[in-house]
Amino acid sequence: MKPILILNGPNLNLLGSREPEIYGQQTFLDFFEELKELFPDAMLEYKQSNHEGQLLDWLHATEGQYAGIIFNAGAYTHTSVALADGIAGITTPVIEVHISNVHKRESFRHHSFLSPVCQGTISGFGLTGYQLAITALIGS
Ligand code: DQA
């Protein structure tokens, strides 16, 4: 099986200290170590950027290389036609993940430009959402 790419967007580099009552107290790098132990055969890779164009460049560069992309686009979820077009333009399956339940929060978080072009969406299960997405991709 090809590797799986976890792609995190803006402000997700601050996990652990950013609004811990919403996003928890664990850094993503610590959680990523746990994920690799949970899925030793999955060949997980992780990238994070605060820049829309960088995220788009990485989406384009993944073509053919990954079994799937687990994408938390952060606030770009609610604003970015460019990222939606980028996902639509590649054949790699993309799973949209949100740590918080975006539908329980402010109304501007209820719309996702990305959901219609993703294979599925996981929202509201904390960091476990990434684990659920890996399970969905590897089919076990
Ligand atoms: C988020 C939800 C977004 O609305 C927010 O802008 C984020 C994080 C989440 O993981 O819950 O940055 O994607």
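Here, the structure is the one placed above.
This section reports on the structure supplied with the text. Computed from a prediction, not measured in an experiment: that's the story for all the values here. (Residues numbered from 1 in each chain as written. Predicted model: local features only at pLDDT ≥ 70, side-chain atom pairs only at ≥ 80, totals over all residues. Heavy atoms only, no water.)

## Considering the side chain of threonine 62
Positionally, threonine 62 belongs in the loop between α3 (52–61) and β3 (68–72). For threonine 62, a relative accessible area of 2% puts it in the buried group. Not counting chain neighbours up to four residues away, the residues in contact with threonine 62 comprise Leu5, Ile69, Ile90 and Thr92. (Helix = DSSP H or I, 4+ residues; strand = E, 2+ residues; numbered from the N terminus. Buried < 20%, exposed > 50% of the residue type's maximum accessible area, 1.4 Å probe, protein only. Contact = heavy atoms within 4.5 Å.)

## Quick look at the environment of leucine 59
Tracing the backbone through its elements, the reader meets leucine 59 in helix α3. When residues no more than four places from it in sequence are discounted, the contact partners of leucine 59 are Leu7, Ile69, Phe71, Leu83, Gly86, Ile87 and Ile90.

## Re helix α4 (residues 81–88)
When α4 is considered as a whole, its buried residues turn out to be Leu83, Ala84, Gly86 and Ile87. For α4, the arc enclosing every buried residue in end-on projection is 160°, short of the 170-degree limit, so these residues lie on one face. In α4, the exposed residues that point more than 90 degrees away from the buried face are Asp85 and Ala88. Measuring from the backbone nitrogen of alanine 82 back to the side-chain oxygen at the start of α4 gives 3.5 Å, which picks out serine 80 as the cap. (Arc of directions from axis to C-beta. Polar contact = N/O pair within 3.5 Å; in protein donor to acceptor, adjacent residues only side chain to side chain.)

## A look at the pattern of salt bridges
Counted under the stated rule, the structure contains 4 salt bridges. Note that glutamate 19 and arginine 18 form a salt bridge whose closest N and O atoms lie 3.9 Å from each other. With relative accessibility at 18%, the residue arginine 18 sits in the buried group. A salt bridge links glutamate 106 to arginine 105; the nearest nitrogen and oxygen atoms lie 3.8 Å apart. Looking at arginine 105, the relative accessible area reads 18%, which means it is buried. (Salt bridge = Lys/Arg side-chain N within 4 Å of Asp/Glu carboxyl O.)

## Some details on the site of the ligand
Lining the immediate surroundings of the ligand are Arg18, Tyr23, Asn72, Gly74, Ala75, His78, His98, Ile99, Ser100, Val102 and Arg109. A distance of 3.2 Å separates an oxygen atom of the ligand from a polar atom in the backbone of alanine 75. Notes on the ligand: free accessible area 320 Å², of which the protein chains cover 99%. Across the shell around the ligand, the residue classes tally to 4 nonpolar, 5 polar and 2 charged. (Near = heavy atom within 4 Å. Areas by Shrake-Rupley, 256 points an atom, 1.4 Å probe, with all protein chains shown as cover. Nonpolar A, V, L, I, M, F, W, Y, C, P; charged D, E, K, R; others polar.)

## A closer look at the packing of aromatic side chains
Under the definition given, this model contains 6 aromatic pairs. Measuring from centroid to centroid gives 5.6 Å for phenylalanine 32 and tyrosine 46, while their planes differ by 40°, and the two rings are tilted. Separated by 14 residues along the polypeptide, phenylalanine 32 in helix α2 (residues 28–38) and tyrosine 46 in strand β2 (residues 44–48) bring together distant segments of the chain. (Phe/Tyr/Trp six-rings, centres within 6.5 Å; stacked < 30°, edge-to-face > 60°.)

## A word on the nonpolar core
In terms of nonpolar packing, the biggest core is built from 22 residues, with Phe28, Leu35, Ile70 and Tyr130 touching the most fellow members. Sorting the residues of this core by element identifies β1 (4–8), α2, β4 (94–98) and α5 (128–138) as the ones contributing at least two each. Once you skip the residues sitting within four places of it in the chain, isoleucine 70 turns out to touch Ile4, Leu5, Ile6, Leu7, Ile95, Val97, Tyr130, Ala133, Ile134 and Leu137. Leu56, Ile69, Ala73 and Ile87 belong to the second largest nonpolar core, which has 17 residues in total. (Core = buried A, V, L, I, M, F, W, Y, C linked by side-chain atoms within 4.5 Å.)

## A few points about the sheet that holds β3
One open sheet holds the 5 strands; their spatial order is β2-β1-β3-β4-β5, and the pairing between them is parallel. In this open sheet, the two strands that pair with only one neighbour each are β2 and β5 (120–123). On average, adjacent strands in this sheet sit at an angle of 20° to one another, irrespective of strand direction. In this fold α2 packs onto β1 and β2, with an angle of close to 165° to the strand it touches most, β2. (Pairing = 2+ DSSP bridges. Axes fitted to C-alpha atoms, helices over the stretch in contact; angles between N-to-C directions.)

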